[in-house]
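Report on the structure
Residues per chain, in single letters:
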Amino acid sequence: DTAVSQTPKYLVTQMGNDKSIKCEQNLGHDTMYWYKQDSKKFLKIMFSYNNKELIINETVPNRFSPKSPDKAHLNLHINSLELGDSAVYFCASSQDRPGTGVLYGYTFGSGTRLTVV
Amino acid sequence: SQQGEEDPQALSIQEGENATMNCSYKTSINNLQWYRQNSGRGLVHLILIRSNEREKHSGRLRVTLDTSKKSSSLLITASRAADTASYFCASPGDYGQNFVFGPGTRLSVLP
């Protein structure tokens, strides 16, 4: 059973389009994250949700909108895609809870490689 | 801000040799973690070391932590070709709400 699953694995789209990436975890974790990995392998936090509530919202363009219908899902919708959005997007989950700090390891999905042309 | 910085950026060794990677971080931590990423895959959690621990072992992995120097090292003993991957250290971010990852060390183990 896949612990953190992302779909799609690959996404090629034209500039200006709107696209979504879905993430689901079956670990019972309370907290989920979106990270962006650029071509130089730098991983940067984008968003964090705990039990459907937004915890972290880094300086990400408002074209990116996360949505968490329940604590097992955290989807990422991107409007008006730009060339610079091309990257690998990783979803992750952990047992951490707000106010307790980061105490547990993350479980990552296998990533979604987004290519904007 | 970039919290963890791995060193070296790339490392190439022969199978059977040991590989050592270092990580430096900037702020106080309660724990530090190491992850592995195989090409085209997600990150896999390897080991977590708490701030009151100095050394931790897991199979062929040995992690040390020196909080006075704000540094950690990952040693892989008797390396195998399958250890070829990028290795990242992760430490809590400025507000302690998420992990910040370094740029990683790309390890190549040659058969």
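A word on the interface of chain A and chain B
Across the boundary between the two partners, chain A contributes 21 residues, which contact 22 residues of chain B. Here chain A packs against chain B, burying approximately 1800 Å² in sum over the two surfaces, 55% of which is carbon and sulfur. On the chain A side of the contact with chain B, Lys41, Leu43 and Val102 of chain A bury the most area, a combined 31% of that side's loss. Linking chain A with chain B are zero salt bridges, by the criterion used here. At the surface where chain A touches chain B, the tally comes to five residue pairs in polar contact (both at pLDDT 80 or more). For the side of chain A that touches chain B, the leading source of residues is strand E4 (residues 31-37) of chain A, giving three residues.

Description of the sheet that holds strand E8 (residues 73-78) of chain A
Residues and elements named next belong to chain A. One open sheet holds the four strands; their spatial order is E1-E3-E8-E7, and the pairing between them is antiparallel. The open sheet has two free edges, formed respectively by strand E1 (4-7) and strand E7 (64-70), since each of these has just one partner strand. Adjacent strand axes in the sheet meet at a mean angle of 15°, parallel and antiparallel pairs treated alike. Where strand E3 (residues 19-25) meets E8, four bridges bridge the pair, whose relative direction is antiparallel. Opposite serine 20, over in E8, you have histidine 77 as the bridge partner.

Observations concerning the packing of aromatic side chains
By the definition in use, this model includes 13 aromatic pairs over all chains. Ring geometry for tyrosine 106 of chain A and phenylalanine 108 of chain A: centres 6.0 Å apart, planes at 50°, overall tilted. Phenylalanine 108 of chain A sits in the buried class, given a relative accessible area of 9%. Ring-pair connections join several aromatic residues into one group, and the members of that group are Tyr33, Tyr35, Phe90, Tyr106 and Phe108 of chain A together with Tyr35, Phe99 and Phe101 of chain B.

Notes on the sheet that holds strand E8 (residues 71-76) of chain B
Residues and elements named next belong to chain B. Read from one edge of the open sheet, five strands run E1-E3-E8-E7-E6, paired in antiparallel fashion. Each edge of the open sheet carries a strand with a single partner, namely strand E1 (5-7) and strand E6 (55-58). Each neighbouring strand pair of the sheet contributes to a mean axis angle of 20°, computed without reference to strand direction. Relative to E8, strand E3 (residues 19-24) runs antiparallel, the two being bridged by six bridges. In the sheet register, cysteine 23 faces E8, and the bridge partner there is serine 72.

Let's talk about the nonpolar core
Of all hydrophobic cores here, the largest spans 21 residues; its most connected members are Met21, Leu32, Trp34, Leu74, Ile76, Tyr87 and Leu107 of chain B. Those elements that place two or more of their residues in this core are E3, strand E4 (31-37), strand E5 (43-50), strand E7 (61-66), E8, strand E9 (85-92) and strand E11 (105-110) of chain B. Residues contacting leucine 74 of chain B, with those up to four places away along its chain left out, are Ala19, Thr20, Met21, Trp34, Leu46, Leu61, Arg62, Val63 and Tyr87 of chain B. Core analysis: the next-biggest nonpolar cluster, separate from the first, contains 19 residues, Tyr49, Phe64, Cys91 and Val116 of chain A among them.

Here's the deal with the side chain of asparagine 98 of chain B
Position of asparagine 98 of chain B relative to the elements: it lies in the loop between E9 and strand E10 (99-101). Among the residues examined, asparagine 98 of chain B registers a relative accessible area of 8% and is labelled buried. Apart from residues lying up to four places away in sequence, asparagine 98 of chain B is in contact with Tyr33, Tyr35, Ile45, Ile56, Val102 and Tyr106 of chain A together with Ser91, Pro92 and Gly93 of chain B.

Re the environment of histidine 29 of chain A
Residues and elements named next belong to chain A. Take histidine 29: it is sitting in the loop between E3 and E4. A relative accessible area of 10% means that histidine 29 is categorised as buried. With 88 residues separating them in the primary sequence, histidine 29 and valine 117 have C-alpha atoms 35 Å apart. For histidine 29, the side chain forms a polar contact with the side chain of serine 93, separated by 2.8 Å.

What counts, and at which threshold
Residues numbered from 1 in each chain as written. Chains lettered and ligands numbered in written order. Predicted model: local features only at pLDDT ≥ 70, side-chain atom pairs only at ≥ 80, totals over all residues. Heavy atoms only, no water. Contact = heavy atoms within 4.5 Å. Buried area = accessible area lost by both parts, 1.4 Å probe. Salt bridge = Lys/Arg side-chain N within 4 Å of Asp/Glu carboxyl O. Polar contact = N/O pair within 3.5 Å; in protein donor to acceptor, adjacent residues only side chain to side chain. Helix = DSSP H or I, 4+ residues; strand = E, 2+ residues; numbered from the N terminus. Pairing = 2+ DSSP bridges. Axes fitted to C-alpha atoms, helices over the stretch in contact; angles between N-to-C directions. Phe/Tyr/Trp six-rings, centres within 6.5 Å; stacked < 30°, edge-to-face > 60°. Buried < 20%, exposed > 50% of the residue type's maximum accessible area, 1.4 Å probe, protein only. Core = buried A, V, L, I, M, F, W, Y, C linked by side-chain atoms within 4.5 Å.

Don't take any of this as a statement about function, it's just geometry.
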